[in-house]
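Single-letter residue listing:
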Amino acid sequence: MEVMAKKALITGILGQDGPYLAKHLLNKGYKVFGLIRRYSNPTFDNLDFLGITREVEYVQGDMSDEASLYSVVKMLQPAEVYNLAAQSFVGASWDQAKLTTEVNAIGVLYLLNAIKFFSPATKFYQASTSEMFGLGNTNGRQDENTNFHPRSPYGVSKVYAYWMTVNFRESYNIFTANGILFNHESPIRGIQFVTRKITDGVARIKLGLAKDLRLGNLKSRRDWGFAGDYVEAMHLMLQQDKGDDFVVGTGENHSVEEFVSLAFEHIGIKDWQKYIVTDPRFIRPAEVPDLKANPQKAKKILGWEPKTSFKDLVADMVEADLKRLKK
Ligand code: NAP
Ligand code: GDP
């Protein structure tokens, strides 16, 4: 008798993490469904980058449209739902605070309700974030017990979603997990995020397509890892005996300035300072100055550890942007 493949539904399939997770699950034999919104011109570039556009099946829905989520969950009855959809850019969240809240917070309530009403055996993963910690730390790091002190409407919206995810576990016995992921990057990271903005800018300067790179605060520090490593932790969280919450990061951090200098070094430029223009448009109303994970729980319980070094991550991203721009 043929064994039915496990069904996984991924929201945010067209973003950065969606394609990496889809590829990981396809390799494990899952049937992968991706939720996409209605578009005039959908773009599958990130799935194309990983060569899996045709291996995913697409279903339509929007995180701000409750009924669309009910229909999809009812129809699929997936074994696992990975909620990666979000207005994920901190910088835009001050200008679009309501939209950010509707998608990132209330949208999660809709999706959890869809599971509760129509598919209570589904396991649910919520894309939580180190931005929830904001100013909070425990001896200079953040772990599962560190207090939340979000600094942006994005961070605030994710705190709501985090607690709703915990609450559905405690109230209805639904298997839910929060992955509190620290910043993770890749060649398909959104172009507005500082890492990709830097690697794209550096590649443009190398190819004579730009003269300078305009940035905001160079002093903030982030715990940057590779997205391809982090999706493995998402999957592992849903394979445990019970739902739980995990911090996922590398345990080391670097300043934006260090990222810039390494990216320029990769193309053979040492005096990078002369290419950087500080632009007040990219300074935020409130900053998160310093994030550094303590990922011991993920290591101990999930057996998860990052594989990609900071230096390799920067080099891979610069190389990918050089290749793309040369085309
Ligand atoms: P991303 O590249 O911005 O992708 C987010 C996806 O969500 C996009 O494909 C977007 O679809 C979709 N989306 C936005 N609004 C939607 C709506 N109303 N209905 C349905 N889909 C919608 O984000 P990512 O970097 O892959 O991150 C994945 C998740 O992890 C996000 O929830 C993010 O907040 C969280 N997270 C990310 C990081 C990180 O460092 N990357 C760290 C911690 C947590 P369109 O293509 O239609 O715009
Ligand atoms: P975040 O950690 O989710 O906000 O990820 P980002 O990549 O957007 O920002 C990381 C850090 O880089 C933040 O502290 C930003 O203030 C800082 N930063 C400095 N210049 C820029 C810039 O030009 N764009 C972005 N996106 N961030 C910048």
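Residues numbered from 1 in each chain as written. Chains lettered and ligands numbered in written order. Predicted model: local features only at pLDDT ≥ 70, side-chain atom pairs only at ≥ 80, totals over all residues. Heavy atoms only, no water.

Trainee: Mind laying out the site of ligand 2, listing which residues take part and the relevant values?
Mentor: Not every one of the 17 residues close to ligand 2 is listed here, only the nearest: Lys197, Ser220, Arg222, Arg284 and Glu287. One of the side-chain nitrogen or oxygen atoms of Glu131 is found 3.1 Å away from an oxygen atom of ligand 2. Within the contact set of ligand 2, an oxygen atom lies 2.7 Å away from a side-chain nitrogen or oxygen of Arg222. A total of 530 Å² of accessible area belongs to ligand 2 in isolation, and the protein chains cover 97% of it. A class-by-class count of the residues in the shell around ligand 2 yields 7 nonpolar, 5 polar and 5 charged. Summarising the domain contributions, the shell around ligand 2 has at least three residues from each of domain 1 (7-184 + 225-248) and domain 2 (190-222 + 253-287 + 309-326). (Near = heavy atom within 4 Å. Polar contact = N/O pair within 3.5 Å; in protein donor to acceptor, adjacent residues only side chain to side chain. Areas by Shrake-Rupley, 256 points an atom, 1.4 Å probe, with all protein chains shown as cover. Nonpolar A, V, L, I, M, F, W, Y, C, P; charged D, E, K, R; others polar. Domains from an automatic or database assignment.)

Trainee: Tell me what's going on with the site of ligand 1, and back it up with residues and numbers.
Mentor: As a structural note, the neighbourhood of ligand 1 is formed by 24 residues, with Asp17, Arg37, Tyr39, Ser88 and Tyr154 the closest of them. Taking Asp62, its side chain carries an N or O atom lying 2.8 Å from a nitrogen atom of ligand 1. Between Lys158 and ligand 1, the recorded distance is 2.8 Å, taken from a side-chain N or O atom to an oxygen atom. Within the complex, the protein chains bury 88% of what would otherwise be the 900 Å² of accessible surface of ligand 1. When contributions to the shell around ligand 1 are tallied by element, the ones reaching two or more residues are strand 5 (123-129) and helix 6 (153-172). (Helix = DSSP H or I, 4+ residues; strand = E, 2+ residues; numbered from the N terminus.)

Trainee: So, the domain arrangement of the protein: which residues are in play, and what are the values?
Mentor: Taken domain by domain, the protein holds domain 1 (7-184 + 225-248) and domain 2 (190-222 + 253-287 + 309-326). The distance between the C-alpha centroids of domain 1 and domain 2 comes to 27 Å. Around 930 Å² of area is buried between domain 1 and domain 2 when both sides are counted, 62% of it from carbon and sulfur atoms. Three residues, Phe89, Trp94 and Arg151, lead the burial of domain 1 against domain 2; their summed loss comes to 55% of the area buried on that side. Counting every contact that joins domain 1 to domain 2 gives 1 salt bridge. (Buried area = accessible area lost by both parts, 1.4 Å probe. Salt bridge = Lys/Arg side-chain N within 4 Å of Asp/Glu carboxyl O.)

Trainee: Summarise the packing of aromatic side chains; cite the residues concerned and give the values.
Mentor: Counted under the stated rule, the structure contains 18 aromatic pairs. Here Phe44 and Tyr58 contribute two aromatic rings whose centre-to-centre distance is 5.1 Å and whose plane-to-plane angle is 70°, an arrangement assigned as edge-to-face. With a gap of 14 residues between them, Phe44 in the loop between strand 2 (31-36) and helix 2 (45-49) and Tyr58 in strand 3 (residues 57-60) connect regions that are remote in the sequence. Note on Tyr58: relative accessible area 27%, which makes it partly exposed. Note on Phe133 and Phe148: the rings are 5.5 Å apart at their centroids and 50° apart in plane angle, and the pair reads as tilted. Placement of Phe133 in the loop between strand 5 and helix 6 and of Phe148 in the loop between strand 5 and helix 6 is noted, with a sequence separation of 15 residues between them. Members of the aromatic cluster, joined through ring pairs, are Phe133, Phe148, Tyr162, Trp163 and Phe182. Cation over ring: Lys123 sits above Phe175, and NZ or CZ is 4.6 Å from the ring centre. Against the face of Phe282 rests Lys197, its NZ or CZ located 3.2 Å from the ring centre. (Phe/Tyr/Trp six-rings, centres within 6.5 Å; stacked < 30°, edge-to-face > 60°. Buried < 20%, exposed > 50% of the residue type's maximum accessible area, 1.4 Å probe, protein only. Lys NZ or Arg CZ within 6 Å of the ring centre and 35° of its normal.)

Trainee: With reference to specific residues and values, describe the packing of helix 7 (residues 194-206) against helix 9 (residues 256-266).
Mentor: It is at 10 Å that the axes of helix 7 and helix 9 come closest, and there the two elements cross at 30°. With respect to helix 9, the element helix 7 is oriented roughly parallel. The two elements helix 7 and helix 9 meet at a crossing, and its hand is right-handed. Side by side, helix 7 and helix 9 meet where Val194, Thr195, Ile198, Thr199, Val202 and Ile205 of the first sit next to Val256, Phe259, Val260, Ala263 and Phe264 of the second. Considered class by class, the residues forming the contact of helix 7 with helix 9 number 9 nonpolar, 2 polar and no charged. (Axes fitted to C-alpha atoms, helices over the stretch in contact; angles between N-to-C directions. Parallel < 35°, antiparallel > 145°, perpendicular 65-115°, else oblique. Left-handed = near helix turned anticlockwise from the far one by under 90°. Contact = heavy atoms within 4.5 Å.)

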